[in-house]
Amino acid sequence: MSQFIDFAELKRELSIEAVAEWLGLDLKRMTNGQLRGACPIEGGDRLFTITPDFINKDGTCGRFFCFANECRRRWPRGGDVIELVAKVHQLKPQDAAAELQKAFQTPQTAPQATKLPEGGLDYLLADHEAVQALGLSKEQAVRLGIGFAPKGIMRGRICFPLRDPEGKLLGYCGYAEGMEPALKFPIKFL
Ligand SMILES: [Zn+2]
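**Brief notes about the coordination of the zinc ion**
Taken together, the protein donors to the zinc ion comprise Cys 39 (SG), Cys 66 (SG) and Cys 71 (SG), at separations of 2.1 to 2.2 Å. Here the donor residues of the zinc ion are spaced in sequence according to C-x26-C-x4-C.

What follows is the structure, given as structure tokens:
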């Protein structure tokens, strides 16, 4: 069964950092913003890099590059977020894109993505695995207005609503383990 996937749209929706985290890559952020760590295929210290601000030819952001021998031979110019998944899971790009779309449930093909209460960010994913990892069921997350942000300023974070004493939504606090800072508040709260 082959399914149409808009690669460019998918790449625009995804943060390579969030995808690297989803892949379980153990990377550390360098002062220049790059992420570095062992190659997921060949190991080796700090051979694998992700540059989140790298602009690809198609205008999308984020690229990996690996200095390990085999990777360098197979992916001499590194790759974008879809190619990263293709490389790590050893899939064809089409299958990697399908995996990503399933995992991140980007809006274009996610009729089952849960809508959060009125006034909230309508693209938060209440049934994302990062939310499940907190021990929250989809129903609990929906009721609390908590969800994973696949895009926007909280991209790659779990968003928790901030409310005033009347319950009015003021904004979101975004949390992501391993991101810097781990907790992100809307600018007006600082
Ligand atoms: Zn490698």
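**Looking at the confidence of the model for the protein chain**
Detailed reading of predicted coordinates is not advised where the pLDDT is low. For the protein chain, per-residue confidence averages 85 on the pLDDT scale, and 89% of positions sit at 70 or higher. When the criterion is pLDDT under 50, residues 108-117 qualifies, and its contacts beyond four places in sequence or with other chains add up to 28 contacts.

**Some details on the pairing of strand β3 (residues 43-55)**
Sheet topology note: the strand β2 (residues 35-39)/β3 ladder contains four bridges and is antiparallel. Following the sheet pairing, Arg 36 is matched in β3 by Thr 49. Linkage of β2 to β3, two consecutive antiparallel strands, is achieved through a turn of three residues. In the sheet, β3 pairs with strand β4 (residues 61-66) via five bridges, with the strands oriented antiparallel.

**As for the side chain of Thr 49**
Considering the arrangement of structural elements, one finds Thr 49 in strand β3. When neighbours within four sequence positions are excluded, Thr 49 is seen to be in contact with Gln 34, Leu 35, Arg 36, Arg 63, Phe 64, Phe 65 and Phe 67.

**Topic: helix α5 (residues 93-104)**
Spanning twelve residues, α5 covers 16 Å between terminal C-alpha atoms, matching the ideal 16 Å at 1.5 Å per step. Ala 96, Ala 97, Leu 100, Gln 101 and Phe 104 are the residues of α5 that are buried. Along the long axis of α5, the arc covered by the buried residues comes to 135 degrees, so they all point the same way. Tucked inside the fold, the buried residues of α5 contact α1 (7-13), α2 (16-22), α4 (81-88) and β5 (147-148). Two residues or fewer after α5 comes Gln 105, characterised by a positive phi angle close to 45 degrees.

**Let's talk about the nonpolar core**
Counting residues in each nonpolar core, the largest one holds 37 residues, and the members touching the most others are Val 19, Leu 25, Phe 48, Ile 50, Leu 84 and Leu 100. The leading source of residues in this core is α4, at six residues. Shared between two domains, this core holds at least three residues of each, these being domain 1 (7-104) and domain 2 (112-189). Among the nonpolar cores identified, the runner-up in size contains six residues, and Tyr 123, Leu 124, Met 154 and Tyr 172 belong to it.

**Brief notes about the sheet that holds β5**
Strand order across the open sheet formed by four strands is β5-β6-β7-β8, with antiparallel pairing between neighbours. If you trace the sheet from one side to the other, it starts and ends with β5 and β8 (183-184), each paired once. Alignment of strand β7 (residues 169-175) against β8, held across two bridges, turns out to be antiparallel. Directly across from Tyr 175, in β8, lies its bridge partner Leu 183.

**Let's talk about the pattern of salt bridges**
All told, the structure shown has seven salt bridges when counted by the stated rule. Among the ionic pairs, Arg 29 bridges to Glu 17, the shortest N-O distance being 2.4 Å. Within this pair, whereas Arg 29 is found in strand β1 (residues 27-29), its partner Glu 17 is found in helix α2, the two being separated by twelve residues in sequence. As a salt-bridge pair, Glu 99 and Lys 102 come within 3.7 Å of each other at their nearest N and O atoms. Taken as a pair, Glu 99 and Lys 102 lie in helix α5 at a separation of three residues, close to a single helical turn. Here Glu 99 falls in the partly exposed class, since its relative accessible area comes to 30%. A cluster of three or more residues bridged by salt bridges with shared partners is formed by Lys 11, Asp 58 and Asp 80.

**As for α4**
Where burial is concerned, most of α4 is hidden: seven out of the eight residues are buried. Regarding α4, the residues found buried are Val 81, Ile 82, Leu 84, Val 85, Ala 86, Lys 87 and Val 88. Sitting at the amino-terminal end of α4 is Asp 80, which places a side-chain oxygen 3.0 Å from the backbone nitrogen of Ile 82. With its phi angle positive at about 50 degrees, Gln 90 sits one or two positions after the end of α4.

Thresholds applied
- Residues numbered from 1 in each chain as written.
- Predicted model: local features only at pLDDT ≥ 70, side-chain atom pairs only at ≥ 80, totals over all residues.
- Heavy atoms only, no water.
- Donors = N, O, S within 2.8 Å, 3.2 Å for Na, K, Ca; no water.
- pLDDT = per-residue confidence, 0-100.
- Contact = heavy atoms within 4.5 Å.
- Pairing = 2+ DSSP bridges.
- Helix = DSSP H or I, 4+ residues; strand = E, 2+ residues; numbered from the N terminus.
- Expected span 1.5 Å × (residues − 1).
- Buried < 20%, exposed > 50% of the residue type's maximum accessible area, 1.4 Å probe, protein only.
- Arc of directions from axis to C-beta.
- Core = buried A, V, L, I, M, F, W, Y, C linked by side-chain atoms within 4.5 Å.
- Domains from an automatic or database assignment.
- Salt bridge = Lys/Arg side-chain N within 4 Å of Asp/Glu carboxyl O.
- Polar contact = N/O pair within 3.5 Å; in protein donor to acceptor, adjacent residues only side chain to side chain.

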